[in-house]
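Next come the chains, spelled out residue by residue.
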Amino acid sequence: MTLINSNIQARLSLLWWVPRGIVFGLIAFLIFGPIANLLLWTVAEKWYFPHALPLQYGFSSWVRVFAPRGGATESLVNSLIVAVLTVIVSLLLAIPAGYALARLKLPLRGLILLAFLIPQAFPNLTIYVNVARIFYELRLNGTIPGVVLVHVSHGLVYAVWIATASFSAIEIELEQAARSVGAGALRAFWDITLPLAAPGLMASAIFVFLESLDEFTGSYFVGAPDVNMLPLLLYTAASGGNYQIASITALLLLVPSLLFMLMVERFLKSDVLSRVGH
């Protein structure tokens, strides 16, 4: 009787793994299926319906992308320059703002934090059309500084909120102890608070970098056609039906995003996440 019961339990456990395996398989397909399709397009020379796989493989599309007239190298360099400058400007603004919001008892503190969400609260298209008009009058259209300013308006959301959470997660008694032994306010901030907040600030920098790298609408209305960016190259190739070029460009955007997300997982700790918005 005991042997029969054990056999029944073993069969039931086996049957229980079947739906779980199906669910996990579907999730894996939804996650990795598009990435696999993207990778196939980057090396596909001939691929058309109804064939499930490319008929011919090669790297001629890679040669065209990185040719002098391909525009990928210039777009990649511009995207990296804009992203790095966006991170620098965002952090220069977010560090003092985040420290003040974390340490000072400011009136309407919640409204100040919500104000940084305003660029995300409205459709990007209507905002950037007006921004482009204003920048045209200021002669910022078609310039890297103009694109950086647009990207900063979005990057500050991540920079300020995460910086505020990072400084809030640091016990104020540590600064007070440094002050009690003779350190000034600036010295205590520089030697104690800033190094402890560095992992959170690094995570905010990564978020801002990724946001800038993937930003299309602002880059299009403010930068195009003088400042070529990877998202603009991707849009042009995709709208023209050149899926090989579009896939290679998308891969150039995807690789740094994956690498930086792994860095975010390492730097952004749970105690910082628990204080976001507080």
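**Student:** Quick one: what's the story with the overall build of the chain, residue by residue and with numbers?
**Tutor:** Helices and strands together make up the secondary structure of the chain, namely 13 helices and two strands. Counting across all 278 residues of the chain, residues that qualify as buried make up 36%. Considering only residue pairs separated by 6 or more positions, the chain has 72% of its internal contacts joining residues 24 or more positions apart. Entry remark: accessible area of the chain is about 16600 Å², with carbon and sulfur atoms responsible for 71%.

**Student:** Can you break down the pattern of salt bridges residue by residue, with the values?
**Tutor:** Following the criterion strictly, the structure yields one salt bridge and no others. Residues E137 and R133 are paired through a salt bridge, measuring 3.6 Å at the closest nitrogen-oxygen approach. Of this pair, E137 and R133 both sit in helix α6 (residues 124-137), four residues apart, roughly one helical turn. Judged by its relative accessible area of 48%, R133 is partly exposed.

**Student:** Quick rundown of the packing of aromatic side chains? Include the residues and the values.
**Tutor:** Inspection of every chain in the model, using the stated rule, returns eight aromatic pairs. For the pair Y158 and F207, a centre-to-centre distance of 5.7 Å together with 10° between the ring planes defines the contact as stacked. Of this pair, Y158 sits in helix α7 (residues 144-168) while F207 is found in helix α9 (residues 185-214), placing the two residues 49 residues apart along the sequence. Here F207 falls in the partly exposed class, since its relative accessible area comes to 22%. Centre to centre, the rings of F216 and Y235 are 5.1 Å apart; their planes meet at 45°, and the pair counts as tilted. Here the residue F216 occupies a position in the loop between α9 and α10 (217-223), and Y235 occupies one in helix α11 (residues 230-239), the gap between them amounting to 19 residues. Classification of F216 by relative accessible area gives partly exposed; the value is 26%. The partly exposed category is assigned to Y235, whose relative accessible area is 48%.

**Student:** Talk me through the side chain of T249; I want residue IDs and the actual numbers.
**Tutor:** With respect to the helices and strands, T249 occurs in helix α12 (residues 243-267). Apart from the residues within four sequence positions on either side, T249 is in contact with L230, L233 and L234.

**Student:** Tell me about the nonpolar core, residues and numbers included.
**Tutor:** Among the nonpolar cores identified, the biggest contains 43 residues, and V87, V147, F167, L201, F209 and M229 are the most heavily contacted of them. Mapped by element, the contributors of at least two residues to this core are α3 (72-103), α6, α7, α9, α11 and α12. The contact partners of L201, leaving out residues within four places of it in the chain, are L91, I95, A163, S166, F167 and L194.

**Student:** Kindly report on the environment of L156, identifying the contributing residues and their values.
**Tutor:** Positionally, L156 belongs in helix α7. On the accessibility criterion, L156 (15% relative accessible area) is buried. C-alpha separation for the pair L156 and T86, spaced 70 residues apart in sequence, amounts to 9.3 Å.

Definitions and limits used
Residues numbered from 1 in each chain as written. Predicted model: local features only at pLDDT ≥ 70, side-chain atom pairs only at ≥ 80, totals over all residues. Heavy atoms only, no water. Helix = DSSP H or I, 4+ residues; strand = E, 2+ residues; numbered from the N terminus. Buried < 20%, exposed > 50% of the residue type's maximum accessible area, 1.4 Å probe, protein only. Contact = heavy atoms within 4.5 Å. Areas by Shrake-Rupley, 256 points an atom, 1.4 Å probe, with all protein chains shown as cover. Salt bridge = Lys/Arg side-chain N within 4 Å of Asp/Glu carboxyl O. Phe/Tyr/Trp six-rings, centres within 6.5 Å; stacked < 30°, edge-to-face > 60°. Core = buried A, V, L, I, M, F, W, Y, C linked by side-chain atoms within 4.5 Å.

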